[in-house]
Structure formats: C-alpha cells, structure tokens
Amino acid sequence: MKVLVIGGGAREHALCRSLSLDPDVTALHCAPGNAGIAEVAQLHAVDAMDGAAVARLATELEARLVVVGPEAPLVAGVADAVRGAGIACFGPSAEAARLEGSKAFAKDVMAAAGVPTGRSYVCTTPEEIDKALDAFGAPFVVKDDGLAAGKGVVVTDDIAAAREHALACGRVVIEEFLDGPEVSLFAVTDGRTVLPLRPAQDFKRALDGDEGPNTGGMGAYSPLPWADPKLVDEVMETVLQPTVDELRRRGTPFAGLLYAGLAITGRGVRVIEFNARFGDPETQVVLARLRTPLAGVLLAAAEGRLADQPSLAWRDDAAVTVVVASHNYPGTPRTGDPIEGLADVVAQDAPHAYVLHAGTRLADDGSTVLSAGGRVLSVTATGKDLGQARERAYAAVDRIRLDGSQHRTDIAREAAEA
C-alpha cells in the first residue's frame, strides 16, 4: 500500500522508520517531514493544518492510508477531511480529538465513564482560580485547557507561579497532585475494539533529577521492570475500554491512537491526561520493540477491522531514547546550528542505535543538517536489557556535535539499576 504520514517531528520519523520496514508498504510519503525522514520517505510541502490540502495531496498520491501524527491537525479536523475524500485515515475526528484538545472535556468524559482520575476544577475567573488553588494546596497542578505543545502544565509549590500561569491560560483546569511514578500507555482503537501497546515512561523535566521546567519530553524507555505485570490489563479494563465506549455512546467514536498518561498512586492507577495521538518521545521506544508490521495494524484501525487483527508480537529487547535539545530549550530555542556526527552513529552504532530527527532541516545547498527547533534529535537504542540499551544510546549521543545542545544524562538510569 501507499502511505502518507503527516507531520515533521521525531514521532513521525519513528512512524516512517517502522512503516519503511513494513514489506506491505510499496511507497512512503511524508508531509512536510524533516531532514531525517527524507532518508526513508518522499517529502512533500503541505500545510499540515489545512485539511483540504492534505486530502488533495493524499488523492494525488493515491494513498491507501494517511497517518496524522501531531495533535493540532487532528483537533483542526484534518482526519475528517481525509476521510471525506474517501481515503482511510489513522487519527480521530475533530470531535473525538477534543479528548486532548480540551482537558475539561476529557474530565467530563472520564466522569461519565467512571475512569479514575484526580479531582479538579475548571476555572475561568481569578476568583475561581484562587478558590481552586486554596482548595488543593501545594503542590499546585495547573493545566491550560487547550493545546500547548506539551508546555501548558505547571506543577509547583509556588502559589504565585501557579496563579500567574493560570491567569495566562484563560480557561484552566486546576487539579489535585497525583503522587507516584508516571506511565504512558498507548492503545490503537477503531472506536470499538482496543488494542494496547507496551507501556513506557518518559521524562518531562528539562534537567537531571527531574529538575527544571516542563518540556515536551527529554527521553523515554520501555519496558518498565518495576511495573505490575497486570498493569496493562487493569488500564484496559478501567481506563481505555470505558473511555472508548463512552465516546461511542456520545456519537463521537474515537478511532486512532488513544494515549493514557497515568500516575500509579497509593490509591491505584489514576489518569493524568489523555492524548489523541502517539506520544513523543515514547513512540520512539515503543515502536523500537514492536515486531508486528505497523501498516496493517493502523489500516485495520482506520477501516474498523481491528477485531480481526491478531495479537501484536513484541521483541524482548529493551529500548531507550535520549532527546538532544537545542540551546535554551524549552525557552526560545536557538536554531540554524550545524549538526555533526550523524554519519558516525550510522557507521559505528547501527543497527542497535539510530537517530530520529525532530527539529532539523537541510542547509540550502543540501550538504549539512541544521537544527530547526527545540527538540532536535531523538537518539534511540535497543539492547538485551535497559542497561545495555542505555549504554548504546549514550554512546551514540556522545558522537553527535551540536553547539550549545543539551540532554539529560539520567534517562532510564534508575530503572536500569533497580
């Protein structure tokens, strides 16, 4: 089949890499893509937020399947436009994508479905904000109701900082702090059948030891040796299936990738957030472990045939991803710096380690890869266990040269040493 992937980050590079290895994929396209994706897919210039333009491109390419990677196009209805053109699309409708597009909507769905989550208030005025902050106390959890590229959440003991963020958001969700380790669990669904993937853990804070500001994610690993073996079954029963059933009951079935961000608290599993797409950087490690060819799974979900899909096959290997970010990330990043050492990783670390591009572009003469965003690269490695995967990932990171770049040095360390 011919496949078109929409997006241009490391998540889309991970998707394109897996799809390029699928023997059923005869042609792979990506729009707009990036410098790394260009090595495995044909790139096309398109406004990813323009549903009509994406649908036109998919029609011109005679794509059998379109995979929409980022959340903003999904919330904007790009998947609806593609399906309206008669082409199968992996990604929820705009109505269903509100599960990520509005945290207040997600809380309402969870309440109706009986999904365990933290207590919360939806606030629109300074008075409501002050009342909610006072009710919960520190640490304060303040979430922008809408999309914020992974940077709309502030968790702080400083009530002034919490209030400042809340006032800047307009509509805001203030909720109780959920203590305990966090887990990301993805599930592919066609709106009725739910097929869970393997859990992963990501690292949101910019600095080692979970210090510094929240980011879109600085690294991830899978599997989770410390997690209860029954965790996936429990989340399927209490979170994923009830949520999918509730959205179908409302007449807005969710077909695509449902991402549950979870806290494993002393009172049990609680949902921190839902996303309506593959997460970044967890996708990088989850797909590194998936043995089942990807295209058929995504197409079955897009066409409502997931019940016929056999169980997924997984590699025993562990996987670790380390994000290399640009100078000043997650503030205003410096871009346009040359990236060196990518060929060294291919020559010395493949196939166990490889680089997935996020914020990159080719120089005008095509000779050099340049930084073009905050999170620049995701260096991903596999190994017989987390310790070996970690060693391989950081060995590859050490070969990369990007002036002013930063990365965490403790991704998966605690889990590997346990």
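Residues numbered from 1 in each chain as written. Predicted model: local features only at pLDDT ≥ 70, side-chain atom pairs only at ≥ 80, totals over all residues. Heavy atoms only, no water.

Novice: Outline the overall build of the protein chain, listing residues and values.
Specialist: Helix and strand content of the protein chain: 14 helices and 22 strands. Over its C-alpha trace the protein chain gives a radius of gyration of 20 Å, about what one expects of a compact globule, namely 22 Å for 418 residues. Projected onto its principal axes, the C-alpha coordinates of the protein chain cover approximately 55 × 45 × 40 Å. For the protein chain, the residues scored as buried account for 57% of the 418 residues in total. Split by element, the accessible area of the protein chain, about 16700 Å² in all, is 48% carbon and sulfur. (Helix = DSSP H or I, 4+ residues; strand = E, 2+ residues; numbered from the N terminus. Rg over C-alpha atoms; globule rule 2.2 N^0.38 Å. Buried < 20%, exposed > 50% of the residue type's maximum accessible area, 1.4 Å probe, protein only. Areas by Shrake-Rupley, 256 points an atom, 1.4 Å probe, with all protein chains shown as cover.)

Novice: Could you give me a rundown of the packing of helix 7 (residues 126–136) against helix 8 (residues 159–169), with the residues and numbers involved?
Specialist: Two numbers describe how helix 7 lies on helix 8: the axes approach to 10 Å, and their chain directions differ by 145°. Relative to helix 8, the crossing made by helix 7 is right-handed. Seen from helix 7, the contacting residues are Pro126, Ile129, Asp130 and Leu133; seen from helix 8, they are Ile159, Ala162, Arg163, Ala166 and Leu167. Of the residues that constitute the contact of helix 7 with helix 8, the class distribution is 7 nonpolar, no polar and 2 charged. (Axes fitted to C-alpha atoms, helices over the stretch in contact; angles between N-to-C directions. Left-handed = near helix turned anticlockwise from the far one by under 90°. Contact = heavy atoms within 4.5 Å. Nonpolar A, V, L, I, M, F, W, Y, C, P; charged D, E, K, R; others polar.)

Novice: An account of the sheet that holds strand 1 (residues 2–7) is needed here, citing residue identities and associated values.
Specialist: Judged by pairing direction, the sheet is parallel, and its 5 strands sit side by side in the order 3-2-1-4-5 without closing on themselves. The two strands at the open ends of the sheet, each matched to only one other strand, are strand 3 (42–43) and strand 5 (88–90). Of the pairings in the sheet, the one linking strand 1 to strand 4 (residues 65–68) comprises 4 bridges and is parallel in character. By the bridge assignment for strand 4, Ile6 is matched with Val68. (Pairing = 2+ DSSP bridges.)

Novice: So what's going on with the side chain of Thr321? Residues and values would help.
Specialist: On the secondary structure map, Thr321 appears in strand 18 (residues 318–325). Classification of Thr321 as buried rests on a relative accessible area of 0%. One polar contact links Thr321 to Thr380, side chain to side chain, over a distance of 2.7 Å. Aside from chain neighbours lying at most four places away, what touches Thr321 is Gly219, Ala220, Pro281, Gln284, Val285, Ser378, Val379, Thr380 and Ile411. (Polar contact = N/O pair within 3.5 Å; in protein donor to acceptor, adjacent residues only side chain to side chain.)

Novice: How would you explain the nonpolar core if you had to name every residue and give the values?
Specialist: In terms of nonpolar packing, the biggest core is built from 77 residues, with Leu4, Val66, Leu99, Leu240, Phe274 and Val320 touching the most fellow members. Element by element, the count of residues in this core is highest for helix 9 (residues 231–249), at 8 residues. In contact with Leu4, other than residues within four places in its own chain, are His29, Cys30, Ala31, Val54, Leu57, Ala58, Leu61, Ala63, Leu65, Val66 and Val67. (Core = buried A, V, L, I, M, F, W, Y, C linked by side-chain atoms within 4.5 Å.)

Novice: Report on the pattern of salt bridges, specifying residues and quantitative values.
Specialist: Following the criterion strictly, the structure yields 25 salt bridges and no others. Here Arg408 and Asp210 are joined by a salt bridge, their closest N and O atoms 3.0 Å apart. Here Arg408 is found in the loop between helix 13 (386–399) and helix 14 (413–417), whereas its partner Asp210 is found in the loop between strand 13 (205–207) and strand 14 (211–214), with 198 residues between them in sequence. Relative accessible area serves as the criterion here: at 1%, Arg408 is assigned to the buried category. Its salt-bridge partner being Asp337, residue Arg334 comes within 2.9 Å of it at the nearest N-O pair. Assessed through its relative accessible area of 14%, Asp337 is described here as buried. Through salt bridges with shared partners, a single network forms among Asp108, Glu246, Arg249 and Arg250. (Salt bridge = Lys/Arg side-chain N within 4 Å of Asp/Glu carboxyl O.)

Novice: Got a sec to walk through helix 1 (residues 10–20)? Specific residues and values, please.
Specialist: Most of helix 1 is tucked away: 9 of the 11 residues are buried. Listed in full, the buried residues belonging to helix 1 are Ala10, Arg11, Glu12, His13, Ala14, Leu15, Cys16, Ser18 and Leu19.

Novice: Please provide a residue-by-residue account of the packing of aromatic side chains, values included.
Specialist: Overall, the coordinates contain 5 aromatic pairs when judged by the stated rule. Considering the side-chain rings of Tyr121 and Phe136, the 5.4 Å spacing of their centres and the 50° angle between planes classify their relative orientation as tilted. Separated by 15 residues along the polypeptide, Tyr121 in strand 6 (residues 120–123) and Phe136 in helix 7 bring together distant segments of the chain. Judged by centre distance (6.1 Å) and plane angle (45°), the ring pair of Phe203 and Tyr221 falls under tilted. One end of the pair, Phe203, is in the loop between strand 12 (201–202) and strand 13; the other, Tyr221, is in strand 15 (residues 219–222), with 18 residues separating them in the sequence. (Phe/Tyr/Trp six-rings, centres within 6.5 Å; stacked < 30°, edge-to-face > 60°.)

Novice: Please provide a residue-by-residue account of the environment of Glu391, values included.
Specialist: Topologically, Glu391 is positioned in helix 13. C-alpha separation for the pair Glu391 and Ala353, spaced 38 residues apart in sequence, amounts to 10.0 Å.

Novice: Requested: an account of the pairing of strand 10 (residues 182–189), with residues and values cited.
Specialist: Among the 8 residues of strand 10, 7 are classified as buried, and the element is accordingly described as predominantly covered. As defined by bridge partners, strand 10 adjoins strand 16 (residues 256–265) across 8 bridges and the pair is classed as antiparallel. Bridging from a neighbouring strand, Val188 pairs with Leu257 of strand 16. Two elements, strand 10 and strand 11 (residues 194–196), share 3 bridges in a ladder whose sense is antiparallel. Within the sheet, the bridge partner assigned to Thr189 lies in strand 11 and is Val194. The hairpin formed by strand 10 and strand 11 contains 4 residues between the paired strands, and Gly191 there has a positive phi angle of roughly 100°.

Novice: How would you sum up the sheet that holds strand 7 (residues 140–144)? Please name residues and give values.
Specialist: Within a sheet, adjacent strands bond to each other through the backbone by hydrogen bonds, running parallel or antiparallel. Here we have 4 strands laid out as an open sheet, ordered 6-9-7-8, and antiparallel in their pairing. Each edge of the sheet is formed by a strand with only one pairing partner; in this case those strands are strand 6 and strand 8 (153–156). Sheet twist, expressed as the average angle between the axes of neighbouring strands with direction ignored, equals 20°. Judged from the 4 bridges that link them, strand 7 and strand 8 form a sheet pairing that is antiparallel. Across the sheet, residue Val142 finds its bridge partner in strand 8, namely Val154. Strands strand 6, strand 7 and strand 9 (172–175) of the sheet are contacted by helix 7, whose axis makes an angle of about 165° with strand 6. Along the sheet, helix 8 contacts strand 7, strand 8 and strand 9; its crossing angle with strand 7, the most-contacted strand, is approximately 15°.

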